[in-house]
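Examining the three-dimensional arrangement
Each chain is listed here by its residues.
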Protein chains: 2
Amino acid sequence: MSKAAIPSQLDTTILAETFRLLGDPTRLRILFFCLDEPRSVGDIAASLDLSQSLVSHHLRLLRGARLVRGNRQAKQIFYELADKHVSDMLVDMAHHVCEEQADD
Amino acid sequence: MSKAAIPSQLDTTILAETFRLLGDPTRLRILFFCLDEPRSVGDIAASLDLSQSLVSHHLRLLRGARLVRGNRQAKQIFYELADKHVSDMLVDMAHHVCEEQADD
DNA sequence: CAAACACATCAGTACGTGTTCATATGTATG
DNA sequence: CATACATATGAACACGTACTGATGTGTTTG
C-alpha cells in the first residue's frame, strides 16, 4: 500500500483513451488555446491556421471525452476546458516537458 | 504571467508525442506493471498475457521516448520507468481517472 | 563451439484516424 | 421568409500503427 495502486485493466483503458486524445498536436494546440479563456470555433481556426471543419471535428472528440465544453453565445459557440482537473493536467504536463528538455 | 504559459508549437508536438505513446492500453499496462519494480521482458509478457514480440516492440517505442530504461542482468533485461518524473505523472493520472469516474 | 535461452528486429496485414471537401443544421437580420 | 453567418456532420482518402509470425542477435552453459 505504500506503492501506487496499479489501475485495473478497465481503468487503464479509460486512461489510455484520454491520453490518446491528448496525443495529437492539433488537439493539444486547441486545448492550450482554450486554456486561459473560452474561444469560439472561428477564433480557434483562424488563430491556429486550421480549417473550420477540422476544428469542429476535433472539438467533437474532445467534447465526447468531457475534456472541453461549449457555450453558445448568439451565433458563436465558445469552448473552454471542461474543468480545473483537465486544465491542471495540461499545465503540469507543459511544465514537465520543459524540464524534460532541460534534462536532456 | 499569472496564467499558464502556452507551449510553443514545437513543445506542443513533443508533448503530443509523449501523450500519443501513453495513449495505448497495452503500453500503459506495461508502464504500470514496471512502476513498482523493474521487470523482465518475459515477466511482462507472461503477466500481462502478451506475446514477447509485442512487448519488445512497445518497449522499443517507450525506450525511444525515454519513458523507460532497461538494465541487462545476465540473459534477461529488466525495464523500469526512466525517472521519477514519468512515474509521478502516471501515478497522478491514475488518481485523476479515479476521481473522474467518481465525478461522473 | 554448439545448443538453449532471452530479447530484438524484420516483413506483412488489418485497422484506426487525421485531414479535406461538400453539405447540412442552427441562428440572427433584413 | 430569405439571406448570411457560425458551426456541425458525412463521405472519402491517405497514412500511421498495433499486432502477428518468422528470423536475427546476444548471452550463458555444456
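Here's a quick rundown of the structure. Here the structure is a predicted model, which means the values were calculated and not measured. (Residues numbered from 1 in each chain as written. Chains lettered and ligands numbered in written order. Predicted model: local features only at pLDDT ≥ 70, side-chain atom pairs only at ≥ 80, totals over all residues. Heavy atoms only, no water.)

Considering the protein's contact with DNA strand D
Taken together, 26 residues lie near DNA strand D, and S56, H57 and Y79 of chain A together with S53 and H58 of chain B sit nearest. Of all DNA strand D atoms lying within 4 Å of any protein atom, the proportion belonging to sugar or phosphate reaches 61%. Contributions of two or more residues to the surface near DNA strand D are made by α3 (41-48), α4 (52-64) and β3 (76-81) of chain A together with α2 (25-33) and α4 (52-64) of chain B. By residue number, the principal contributor to the surface near DNA strand D is α4 of chain A, which donates six residues. Classifying every residue of the surface near DNA strand D by side-chain character gives six nonpolar, twelve polar and eight charged. (Near = heavy atom within 4 Å. Helix = DSSP H or I, 4+ residues; strand = E, 2+ residues; numbered from the N terminus. Nonpolar A, V, L, I, M, F, W, Y, C, P; charged D, E, K, R; others polar.)

With respect to the interface of chain A and chain B
Many structure descriptions define interface size as the accessible area lost when the parts assemble. Taken residue by residue, the interface counts 33 residues in chain A and 34 residues in chain B. Both faces considered, chain A and chain B share a buried interface measuring about 3600 Å² in area, 69% of it formed by carbon and sulfur atoms. Interface area lost by chain A to chain B is led by F19, H85 and M93 of chain A, which between them contribute 17%. On the surface where chain A and chain B come into contact, there are zero salt bridges. Where chain A packs against chain B, one counts two residue pairs in polar contact (both at pLDDT 80 or more). If you list the elements that add at least two residues to the side of chain A that touches chain B, you get α1 (9-22), α2 (25-33) and α5 (84-103) of chain A. (Contact = heavy atoms within 4.5 Å. Buried area = accessible area lost by both parts, 1.4 Å probe. Salt bridge = Lys/Arg side-chain N within 4 Å of Asp/Glu carboxyl O. Polar contact = N/O pair within 3.5 Å; in protein donor to acceptor, adjacent residues only side chain to side chain.)

Things to note about the sheet that holds strand β1 (residues 39-40) of chain B
With antiparallel pairing, three strands are arranged side by side in an open sheet as β1-β3-β2 (chain B). Edge positions in the sheet fall to β1 and β2 (68-73) of chain B, since each has one partner strand and no second. (Pairing = 2+ DSSP bridges.)

Function-wise, these values are silent; they only describe arrangement.
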